[in-house]
Amino acid sequence: IPMVLSDAYDAYANKSDHPCSVCKATTQLNGKRMHFHASDVGSCPREVYFKMTKEKASYSKPSWNHPMFLKDGHVHEETILKSFESNPNIIITFGDDYKGNIMELNQSIPFFDPTRKVDVKDELTKFILKPVNNRQVTGRHYSLIAHLDGLGVYKDEDGTETEFIIECKSVKDETWKKIQEGEVDDKWYGQIQTYMFVTGIHRAYLVVKNRISSRILAPIRIDYSADYMIKRLVKLNQVYTFVNYGREVPIPKGWTKKNPECKWCDFSDICWGR
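For the structure given in this document, a descriptive report is provided here. What you see is a predicted model; the values in this text were computed from it and never measured.

We describe a pair of aromatic rings using the distance from one ring centre to the other and the angle between the two ring planes. Evaluation of the coordinates by the stated rule reveals eight aromatic pairs. Between the aromatic rings of F111 and Y240, the centroid separation amounts to 4.8 Å while the plane-to-plane angle is 55°, which identifies the pairing as tilted. Linking F111 in the loop between β3 (103-110) and α6 (120-128) with Y240 in helix α9 (residues 226-244), this pair joins segments that are 129 residues apart in sequence. The class for Y240 is buried, based on a relative accessible area of 7%. By the ring-pair criterion, three or more aromatic residues cluster together here, those being F36, F111, Y142 and Y240.

Quick look at the state of the cysteines now. Enumeration according to the criterion identifies zero disulfides in this entry. No disulfide involves C20; its sulfur sits 3.8 Å from the nearest other cysteine sulfur, which is in C23. For C20, a relative accessible area of 0% corresponds to the buried category.

Before going further, it helps to spend a moment on the nonpolar core. With 50 residues, the main nonpolar core has F36, F197 and L233 as its most contacted residues. Tallying contributions element by element places α9 first for this core, with ten residues. Ignoring sequence-local partners within four residues, the contact set of F36 consists of V48, M52, Y142, S143, L144, I145, L236, V239 and Y240.

Here R211 shows up in the loop between β7 (203-210) and β8 (220-223). Lacking a salt bridge, the buried R211 has D72 as its closest oppositely charged neighbour, with an N-O distance of 4.5 Å. Here the side chain of R211 touches S170 through a polar contact of 3.0 Å, side chain to side chain. Once residues within four sequence positions are removed from consideration, R211 is found in contact with F69, D72, G73, H76, S170 and V171.

Enumeration over the complete set of coordinates arrives at twelve salt bridges. Residues E78 and K82 are paired through a salt bridge, measuring 2.9 Å at the closest nitrogen-oxygen approach. Highlighted residues: E78 and K82, both in helix α5 (residues 67-84), separated by four residues, approximately one helical turn. Overall, E78 belongs to the partly exposed group, its relative accessible area being 25%. With its nearest N and O atoms 2.9 Å apart, the salt bridge here joins R221 to D223.

Calculation rules
- Residues numbered from 1 in each chain as written.
- Predicted model: local features only at pLDDT ≥ 70, side-chain atom pairs only at ≥ 80, totals over all residues.
- Heavy atoms only, no water.
- Phe/Tyr/Trp six-rings, centres within 6.5 Å; stacked < 30°, edge-to-face > 60°.
- Helix = DSSP H or I, 4+ residues; strand = E, 2+ residues; numbered from the N terminus.
- Buried < 20%, exposed > 50% of the residue type's maximum accessible area, 1.4 Å probe, protein only.
- Disulfide = S-S within 2.5 Å.
- Core = buried A, V, L, I, M, F, W, Y, C linked by side-chain atoms within 4.5 Å.
- Contact = heavy atoms within 4.5 Å.
- Lys, Arg positive; Asp, Glu negative; His and termini not counted.
- Salt bridge = Lys/Arg side-chain N within 4 Å of Asp/Glu carboxyl O.
- Polar contact = N/O pair within 3.5 Å; in protein donor to acceptor, adjacent residues only side chain to side chain.

Below is the structure:
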């Protein structure tokens, strides 16, 4: 029985429940894709390139996270969001499915081919600065998929309402200590900026929970930065260009194999040639 139970646990952990509907609709690609996720915005461009072009089965090493670790994260997320609802001045909107597909938003981003002598940064700046409802895209484009954990509204005593986005993270002690010291992961920051970009809600709170103690840090306020999104979407435009032209994204200038971001990357062996 212990062996049967252990096998059942591992089988359930490895059962695919990808949060992205676009990825689910293209399972035949086995992980390859021509769209971006919010977590790509703040990531190493070379890592994003490999995510888009390499099949999951060909990863050089397993991810450092056990699949169940990610599933457990959704349980922590549900607890956090429901606890916030206990305050009568706060209204939380979130999905009922805590398997990852909470609130999916698909923002079309225009693609500008830099080989056509176009000022990519200038064109993307014009697009990003438009109000959310005016971002109609014609011509060539790609999708930027965002999965929000929750949306909140705080009602002040005078009736003033403040909208905000909630991003939940449940972490181990090592990461908890880094965040206490003011270090926020680039991928998290990019995710949150993307959520604010696609919704037009320009305030977000990062809620970090310690998986061991179940404590949370005081939610960290993050405000929208259009300059950041311009910079990062220019980078995604570059990645999209390389992918379309069949060229490999170069290693970021000044990076070495000892870069902290490379330590847990699924593609470090491929990237650095083992």
